[in-house]
Amino acid sequence: MNRWIQKYLDKANLLASPVQIVVFYYLSLIVVTSLLLCIPFFKQPGVNISFIDTIFMAVSTVSVTGLTTFPLEQVYNQNGIVLLEILFQIGGFGITMLSTFILVIAGRRIGLQQRRLIQTDMNQPRLSGNVRLVYTIFGIMLAIQAVFGVIFSCYLYARDGFEHLAKSIFDGFYISISALTNAGFDITGQSIIPYSKDYLFLFLIMILIFIGGLGFPVIIEVLAWIKMTWFRPGNQKFRFSLFAKLAGSFAVGFFFIGTILIFLSENNGYFANKTVIEKTITAMFYSVTTRNAGLQINQIGDFNTTTLLIFSILMFIGASPSSVGGGVRTTTIGILGLYLLSFIRGHKNVNVFNRRIHENDIQKSIVVVNLSIFMCLIAVFILSITENQSLISLIVEVTSAFGTTGLSTGITSSLSVIGKMVIIILMFVGRVGMLYMLIFFVSKKDRDEKYRFPSEQIIIG
C-alpha cells in the first residue's frame, strides 16, 4: 500500500505542477469520499441519497465546511459518523500532509517532489523543514483533540449521568474533532444549542476553533517560543516570523472587531433581554465560529439583517493560511488593509513590524480579494435567479460555502440542482484557495522582460 502511494506520487509529479497535483488530490479525495458515503454500512437502513446530494456531502466533508442538504442523524449511523470524523481529519490537515505522514510512519524516504507538494499544500515559503512540520503538526493536533475530547466527555458524563457514558464519550470526542478541524457538522439537529448557557464549555470550544484557524506554522512557532521561554530560559530571545506576527495579530484583531460589531448590532435585538455576560459570550462565540467552525448556539434566523451581513463578512475573510479553514484568509485581507493605509498616507512601501511586505504579496492580496468578491457576487446573482429565497439568506449561504464555515439560515436543503452545484464549487474553491485555482487553470510563467513600453498616465477616480 505504502509502496503504491509513493509510486503514484512519483509518477504524478512528473506530469503536472505541484499546484495542479494538489488540486487533483482534492478532486480524487472527493470521488473516494462520495463512494464511501454510498456504502450501506455507513447509512441508516433504507435511506437513499441522490447523486447530487452525495457529491454535495463529499465536498462539504473534504472542505470541512459543514453545510448539508439533509439531517446527518437521519442518514448516517454511528459507523458513518466515525467515517465523517476521519474525513474531517483528512480534509482539515490536507491529503498531502496525510500521505506524507503515512510514508513517514512506514519508514519511507520523502523525496524532493513530495516535499514540493507539502510546500504547496501547506503554502510554505521554504522547502526545508516541511516534513518535520508535518509530523509535528499531526502529533500536536491529535494530542489537542485527545485532551479536549477527554475533557468534553467528562463534562457531558457529569452533565447527563452514568447511563449516557458511551454517548458522552462519543459526543465529547466528536465535538473536539469537529471544533479543531473547523468542520462544524451537526449530528444531533441542534448543533451545540443545548450548551448555550455553559460558558466554560463554550470557552473551551472557542479555544479549539481559534487554534484550528490560526495556522499550522504559527502553532509551531508559539510552541517553540513557549519551549524556549519557559523551559530553557536564558539570554537567547525567540524571534517570530513576520507571517506568525501578522497571522496572529489579524486573527486577534478580527476576533475583537467581530465581537464588538455583533454586540452592538444585536444589543437592542436578540441580546435585548440578556445579561451583559450572555451578550459578551454570545458575541465572542459567533465572532470565532463565523470565521470557519460553523457551530451555533441558537438559530441563525434569530439575528437581524445587519448581524447576518457581519457574519457574511467574517465568513468571507475566513481563517489564516496553512490552517484547517478556508475563505479569502486573514493575512490577505490584512495586507490589503495595510496597503490601503500606506497609500492613503502617501507611503510607497508597506512596512509593519520593522519589515517591508513584498510587492508580490501585495499584488496577490489584491488579486485574490477582487476575484473572490467577483466570484461570490456571481454566485449570489445566479442563486437569486434559481432560488426563491431572500437576498440576505443567499449572501449568508454563499459566504458560508466560500469561507467553508457551514452556517446557514436553513435554505441548504431546499436548493435547486443548479444552486447545489454553485455551492459545491464555492466550497471547493474556498478550501483549495482562490490563488491556487487561478494557477491551476491559467498557466503562469515568470518572464524577465528585457524591455518596457512607454508609460502614460490616465485619469483615476
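Here's what I pulled together on the structure shown here. Treat the numbers as computed from the prediction; the structure is a model and nothing was measured. (Residues numbered from 1 in each chain as written. Predicted model: local features only at pLDDT ≥ 70, side-chain atom pairs only at ≥ 80, totals over all residues. Heavy atoms only, no water.)

The helix and strand inventory of the protein stands at 19 helices and two strands. Considering the protein as a whole, with its 461 residues, one finds that 51% of them fall into the buried category. Considering only residue pairs separated by 6 or more positions, the protein has 72% of its internal contacts joining residues 24 or more positions apart. Carbon together with sulfur atoms contributes 64% to the accessible area of the protein, which is approximately 23,100 Å² in total. (Helix = DSSP H or I, 4+ residues; strand = E, 2+ residues; numbered from the N terminus. Buried < 20%, exposed > 50% of the residue type's maximum accessible area, 1.4 Å probe, protein only. Contact = heavy atoms within 4.5 Å. Areas by Shrake-Rupley, 256 points an atom, 1.4 Å probe, with all protein chains shown as cover.)

This brings us to empty space enclosed by the protein. If you walk through the whole model with that rule in mind, you get one cavity of 30 Å³ or more. There is about 90 Å³ of room inside the largest cavity. No other element matches the four residues that helix α10 (residues 199-214) contributes to the lining of the largest cavity. (1 Å grid on protein atoms, 1.4 Å probe; cavity = no way out; pocket = protein on both sides within 12 Å on 5 of 7 lines; lining within 4 Å. Points joined across faces, edges and corners; volume = space filled by probe spheres on them.)

We now examine the packing of aromatic side chains. A complete count under the given rule lists 19 aromatic pairs for this structure. Measuring from ring centre to ring centre gives 5.1 Å for phenylalanine 152 and phenylalanine 201, while their planes differ by 65 degrees; the resulting arrangement is edge-to-face. Here the residue phenylalanine 152 occupies a position in helix α8 (residues 130-160), and phenylalanine 201 occupies one in helix α10, the gap between them amounting to 49 residues. On the basis of relative accessibility, which here comes to 1%, the residue phenylalanine 152 falls in the buried class. Consider the rings of tryptophan 225 and phenylalanine 240, whose centres lie 6.3 Å apart with planes at 40 degrees: the pair is tilted. Taken together, the positions of tryptophan 225 in helix α11 (residues 216-231) and phenylalanine 240 in the loop between α11 and α12 (242-266) put the pair 15 residues apart, joining distant regions of the chain. By relative accessible area, which is 26% here, phenylalanine 240 ends up partly exposed. Put simply, the rings of Phe263, Tyr270, Phe271, Phe285, Tyr286, Phe303 and Phe311 pair up and form one aromatic cluster. (Phe/Tyr/Trp six-rings, centres within 6.5 Å; stacked < 30°, edge-to-face > 60°.)

Here we come to unusual backbone geometry. In this structure, asparagine 182 takes a positive phi of about 60 degrees despite not being glycine. If you trace the backbone, asparagine 182 turns up in the loop between α9 (165-180) and α10. Classification of asparagine 182 as buried rests on a relative accessible area of 1%. In this structure, arginine 329 is a non-glycine residue whose phi angle is positive, near 85 degrees. By secondary structure assignment, the location of arginine 329 is in the loop between α14 (305-317) and α15 (330-344). Of the residues examined, arginine 329 reaches a relative accessible area of 11% and is grouped as buried.

What follows is about the pattern of salt bridges. One pass over the structure, following the stated rule, counts four salt bridges. Between lysine 167 and aspartate 171 there is a salt bridge, and its shortest N-O distance comes to 2.6 Å. Note that lysine 167 and aspartate 171 are positioned in helix α9 at a spacing of four residues, about one turn of the helix. We classify lysine 167 as partly exposed; its relative accessible area is 48%. For glutamate 278, the salt bridge identified is with lysine 197, shortest N-O distance 2.4 Å. In this pair, glutamate 278 sits in helix α13 (residues 276-289) while lysine 197 sits in the loop between α9 and α10, placing the two residues 81 residues apart along the sequence. Its relative accessible area of 14% is what places glutamate 278 among the buried residues. (Salt bridge = Lys/Arg side-chain N within 4 Å of Asp/Glu carboxyl O.)

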